[in-house]
Structure formats: structure tokens, C-alpha cells
Amino acid sequence: MKSYKNKINRIRTFALALIFIGIVIMYVGIYFRNQPIVMVIFMLLGVIAIIGSTGVYAWIGLLSMKTVPVQCPNCERHTKMLGRVDICMHCNEPLTMDPSLEGKEFNEEYNKKKPQL
């Protein structure tokens, strides 16, 4: 069975990974001290990854402000829900705000828009 994670936390994890990837790319650039052009390219790629991470953090921060705060029925802690179905940030309990999905097995496909016929 596939392990599901909260969407907001997944995006934050991606942004954190971009920071570390950017640092590693810049560190690799140090090995090319004798070739300044290659070193500058690696340094710029690393800086771009870190700036991209800043952009992702800003985007998820703005998106997080628009989410619906709900109280998890399992752990009774407040969590933010993004989409029709999501997972509790604390206890990984499946959550939904759509009454037609109550009692159904959790599937992230419920968040995808259905084509209009």
C-alpha cells in the first residue's frame, strides 16, 4: 500500500530539498577552482536552486493561508486541508470535506478535476 503524506508537508519537503541540492551543487563547484568558468556555472546553478526554494516556500506560504483549517477527528489537533481529500499532518488520518466521499477509501485521485461534458 502506498504511503500518503499531507500535501503541504510534501511541498515544504521539496523546498527544503532544493536548498540542500543547491548547496551540494555549489560545493561541487569548489572542485573546479582551476577552471573559473565551470566553477561560476556551478555556483550560479546552486544559487538558482536556492532562489527557487525561496519561491516555493513563498508560494506554499500563500497557499497555506487559503487552506481550510479543520480539526482531525482522530487526534483532535488542528490541521490544514488542501483539496477535497487530504491527510492529517499529525496522525495521517484521511480527511475529506466532501460529504459524497464520506466512508470511501482514501484516494488522491478525488482531488483531480473531472472533465466537463
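Remember, predicted model here, so these are calculated numbers, not experimental data. (Residues numbered from 1 in each chain as written. Predicted model: local features only at pLDDT ≥ 70, side-chain atom pairs only at ≥ 80, totals over all residues. Heavy atoms only, no water.)

### Digging into the overall build of the protein chain
Working step 1: Looking only at helices and strands, the protein chain features 2 helices and 4 strands.
Working step 2: Split into buried and exposed, the 117 residues of the protein chain put 26% on the buried side.
Working step 3: Sequence separation of 24 or more characterises 43% of the internal contacts of the protein chain that already satisfy a separation of 6 or more.
Working step 4: Here the protein chain has roughly 8,600 Å² of accessible surface; of this, 65% comes from carbon and sulfur atoms. (Helix = DSSP H or I, 4+ residues; strand = E, 2+ residues; numbered from the N terminus. Buried < 20%, exposed > 50% of the residue type's maximum accessible area, 1.4 Å probe, protein only. Contact = heavy atoms within 4.5 Å. Areas by Shrake-Rupley, 256 points an atom, 1.4 Å probe, with all protein chains shown as cover.)

### Side note on the UniProt feature "transmembrane region" (unreviewed entry) in the protein chain
Working step 1: Residues annotated by UniProt as "transmembrane region" (unreviewed entry) correspond here to residues 12–32 and 38–60.
Working step 2: Across residues 12–32, helical content stands at 90% and strand content at 0%; the span's end C-alpha atoms are separated by 32 Å.
Working step 3: Secondary structure across residues 38–60 comprises 100% helix and 0% strand; the distance between its end C-alpha atoms is 33 Å. (UniProt positions renumbered as here; feature names shortened; annotations may be inferred.)

### A closer look at the pairing of strand S2 (residues 78–81)
Working step 1: Burial along S2 is one-sided: Thr79 and Met81 are buried, and none of His78 and Lys80, which face the opposite way, are.
Working step 2: Judged from the 4 bridges that link them, strand S1 (residues 68–71) and S2 form a sheet pairing that is antiparallel. Bridge pairing in S2 places Pro69 opposite Lys80.
Working step 3: Between S1 and S2, which pair antiparallel one after the other, the connecting turn spans 6 residues, and Glu76 there sits at a positive phi close to 60 degrees. (Pairing = 2+ DSSP bridges.)

### Re helix H2 (residues 36–66)
Within an α-helix, residues lying three or four positions from one another point in the same direction, as the helix has 3.6 residues per turn.
Working step 1: For H2, built from 31 residues, the straight-helix expectation of 45 Å at 1.5 Å per residue is met to within 8% by its first-to-last C-alpha distance of 45 Å.
Working step 2: Turning to H2, its buried residues number three or more, namely Gly46, Ala49, Ser53, Val56, Ile60 and Ser64.
Working step 3: Tucked inside the fold, the buried residues of H2 contact helix H1 (7–30) and S2. (Expected span 1.5 Å × (residues − 1).)

### Things to note about H1
Working step 1: With 24 residues, H1 extends 36 Å from end C-alpha to end C-alpha; this agrees with the ideal 34 Å at 1.5 Å per step.
Working step 2: Among all positions of H1, only Lys7, Ile8, Ile11, Ala15, Leu18, Gly22, Met26 and Gly29 are buried.
Working step 3: The inward-facing, buried residues of H1 contact H2, S2 and strand S3 (85–87).

### Some words on the environment of Ile21
Working step 1: Structurally, the position occupied by Ile21 is in helix H1.
Working step 2: Sequence spacing of Ile21 and Leu45 is 24 residues, and the spatial spacing of their C-alpha atoms is 9.9 Å.

### Some details on the side chain of Ser64
Working step 1: Note on placement: Ser64 falls in helix H2.
Working step 2: Note on Ser64: relative accessible area 5%, which makes it buried.
Working step 3: The residues contacting Ser64, other than those within four sequence positions of it, are Ile8, Arg12 and Lys80.

### Side note on the side chain of Thr67
Working step 1: Inspection of the secondary structure assignment puts Thr67 in the loop between H2 and S1.
Working step 2: Within the structure, the side chain of Thr67 is placed 2.7 Å from the backbone oxygen of Ser64, a separation counted as a polar contact. (Polar contact = N/O pair within 3.5 Å; in protein donor to acceptor, adjacent residues only side chain to side chain.)

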